[in-house]
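A structural walkthrough
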Amino acid sequence: MKKFFRFLHVLTSLAILSNVQAQGKFPDGSAISTWFETVRSTNIETLGKKFRITDFGVVADSTIVQTAKIQQAIDKAYAHGGGVVVVPKGIYLSGSLFFKPKTHLHLEEGAVLKGSDDIADFALAETRMEGQTVKYFVALVNADHVDGFTISGKGTLNGNGLRYWKSFWLRRQFNPKCTNMDEMRPRVLYVSNSKDVQISGIRLINSPFWTSHYYKCENLKLIGLHISAPKEPVKAPSSDAIDLDVCRNVLIKDCYLSVNDDAIALKGGKGPKSDKDPNNGPNSNIIIENCFFGFCHSALTCGSESIHSYNVIFRNNTLDKARKLLQLKMRPDTPQEYENILIENIKGNVNSMLFIKPWTQFFDLKGEKDIKMSYARNIILRNIDLDCDIVFDVLNSEQYVLSDFTFQNMHVRASKDPVIHKEYIKNLILNNVTVNNKKQ
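Residues numbered from 1 in each chain as written. Predicted model: local features only at pLDDT ≥ 70, side-chain atom pairs only at ≥ 80, totals over all residues. Heavy atoms only, no water.

Details of the packing of aromatic side chains
Taken as a whole, this structure holds 10 aromatic pairs when the rule is applied. Between Phe26 and Phe36 the ring centres are 5.6 Å apart and the planes differ by 75°, which places this aromatic pair in the edge-to-face class. You can see Phe26 sitting in the loop between α1 (2-23) and β1 (50-52) and its partner Phe36 sitting in the loop between α1 and β1, a full 10 residues away along the chain. Comparing Phe26 with Phe36, the two get one shared label, buried. Aromatic pair Phe293 and Phe314: ring centres 5.4 Å apart, planes at 35°, arrangement tilted. (Phe/Tyr/Trp six-rings, centres within 6.5 Å; stacked < 30°, edge-to-face > 60°. Helix = DSSP H or I, 4+ residues; strand = E, 2+ residues; numbered from the N terminus. Buried < 20%, exposed > 50% of the residue type's maximum accessible area, 1.4 Å probe, protein only.)

Examining unusual backbone geometry
The peptide bond linking Glu232 to Pro233 adopts the cis configuration, its omega dihedral lying at 0°. Among the secondary structure elements, Pro233 is positioned in the loop between β15 (226-228) and β16 (242-245). Following Gly303, the chain continues to Ser304 via a peptide bond in cis, the omega torsion being 0°. Summarising the element assignment, Ser304 is placed in the loop between β22 (298-302) and β23 (308-330). Its identity as a non-glycine residue notwithstanding, Asn378 has a phi of 55°, on the positive side.

A few points about the environment of Gly153
As for its placement among the helices and strands, Gly153 is situated in strand β10 (residues 150-153). Residues Gly153 and Ile44 lie 109 residues apart in sequence; the distance between their C-alpha atoms is 9.4 Å. Leave out the neighbours within four places in its chain, and Gly153 touches His106, Leu107, Ser200, Gly201 and Ile202. (Contact = heavy atoms within 4.5 Å.)

A closer look at the environment of Lys369
When you line up the elements, Lys369 lands in the loop between β24 (336-358) and β25 (374-394). Residues Lys369 and Leu162 lie 207 residues apart in sequence; the distance between their C-alpha atoms is 41 Å.

Comments concerning the pairing of strand β14 (residues 212-223)
Taken across its 12 residues, β14 has 10 buried, putting it largely inside the fold. Taken together, the 10 bridges between strand β12 (residues 189-200) and β14 define a ladder with parallel strand orientation. Within the sheet, the bridge partner assigned to Lys195 lies in β14 and is Glu218. Pairing between β14 and β16: 4 bridges, direction parallel. What sits directly across from Tyr214, in β16, is Leu244. By the bridge criterion, 5 bridges tie β14 to strand β17 (residues 248-253) in an arrangement that is parallel. Paired with Leu220 across the bridge in β17 is Val250. (Pairing = 2+ DSSP bridges.)

Side note on the pattern of salt bridges
According to the stated counting rule, one finds 24 salt bridges in the structure shown. A salt bridge links Lys372 to Glu368, with the nearest nitrogen and oxygen atoms 2.8 Å apart. Here Arg413 makes a salt bridge to Asp387, at a shortest N to O gap of 3.0 Å. Remark: Asp387 occurs in strand β25 and Arg413 occurs in strand β26 (residues 400-417); sequence separation between them is 26 residues. For Arg413, a relative accessible area of 30% translates into the label partly exposed. Salt bridges sharing common partners tie together Lys253, Glu289 and Arg315. (Salt bridge = Lys/Arg side-chain N within 4 Å of Asp/Glu carboxyl O.)

As for the environment of Gln336
Residue placement: Gln336 occurs in strand β24. On the accessibility criterion, Gln336 (1% relative accessible area) is buried. Measuring from C-alpha to C-alpha, the distance between Gln336 and Phe314 comes to 20 Å, with 22 residues separating the pair along the chain. Gln336 has contacts with Ser304, Ser306, Ile307, Lys329, Met330, Arg331, Met373, Ser374 and Tyr375, leaving out every residue within four places of it along the chain. A distance of 2.7 Å separates the side chain of Gln336 from the backbone nitrogen of Arg331, its partner in a polar contact. (Polar contact = N/O pair within 3.5 Å; in protein donor to acceptor, adjacent residues only side chain to side chain.)

Notes on helix α2 (residues 67-79)
With 13 residues, α2 ought to run about 18 Å at 1.5 Å a step, and its terminal C-alpha atoms sit 18 Å apart, in line with that. For α2, every residue scored as buried is listed here: Thr67, Ile70, Gln71, Ala73, Ile74 and Ala77. Projected down its long axis, α2 shows its buried positions confined to an angular sector of 150°, all on one face. For α2, the exposed residues lying more than 90 degrees away from the buried face are Ala68 and Ala79. Buried residues in α2 make contact with β1, β2 (83-87), β3 (90-94), β4 (97-99), β5 (103-107) and β6 (111-115). Two residues or fewer after α2 comes Gly81, characterised by a positive phi angle close to 100°. (Expected span 1.5 Å × (residues − 1). Arc of directions from axis to C-beta.)

The analysis is restricted to geometry; functional conclusions fall outside its scope.
Structure follows, in structure tokens:
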């Protein structure tokens, strides 16, 4: 009887695979909207009057903090009924800026909007950080309730993070238990509570903290971005390239991502009652395609502050020196579900192909006695051609349940550990899988 049900599961999984491929569907079988197929360059000529920051007394001087004058340009565009704030060629130093409905940002080629390295130049306000709605320092560029918001051009948002990074590592030497938020640091870009957002063409570099963070966004397109932060000589701590936090319908396409933390992280909340908090929620309907991943802790991570992520497609991507391809951070203080995830058409090299282990950094049950169970299911890796150290970097644990994984058309070279522990996952299907040229 067990053999019959396993055979039935194999047929069902293969049918789902065929259905996803043939009909353009997400892993749960729901149709992929044509919205994901349509990518248009931002045409600032259609977005209203242009407001050049140099018309507001802003000068190209990287030594003068000019937050108030740049904000004046944004406010003028808003008062006009909307428009495009244009940053011309040059380096402009600023603290936190706040974009408003119907305003947009355009960075001309050679333009650099550079964050101040003094945290006092950034507003302290209620924001979202590490799966919590808290009072913390806002980003260099902030946009809240700005449906239709765009950032475009060939310029750069530079977080100017070196001073923050050095201060963080010094604090860690003094107090190894200090949290990521103890060292006061801004992000580069934070967009929240917004629909129909497109960030395209620009560079986002050297972030003091997370590079770009999107909270409660729907219909979000991140196109042709270059996002980087160094791993040496000074590591850029917690410099995640893209953090999706309670987002739905997201396309990440044609991007270069290389940072000293996770490249793309799916967030959403943390804590034993996080699934009951209306500020938290799932990430769903996400397509990540045609991207190149340089050094990063993981190309795609679920967690660590995540309660439910599903309908994720990661396809046609190349990795070079990434530590992990797919990482599932399983927090024992948070009820988590990661399901209906498809990883396909991947080539390159990583340290670990699949990484699943308990994540106990800053573990806090908030007085509750029992840990929270987590689940990962319906996860497919197919058409994979990788060189790695460890193919199956998974810890067998009673803190979570892993089920219904499929490895298909996978050809991996593992220099250190080639073993796939089938017994760790309930209903693990291996179809045309070789590790070091040995069929599994």
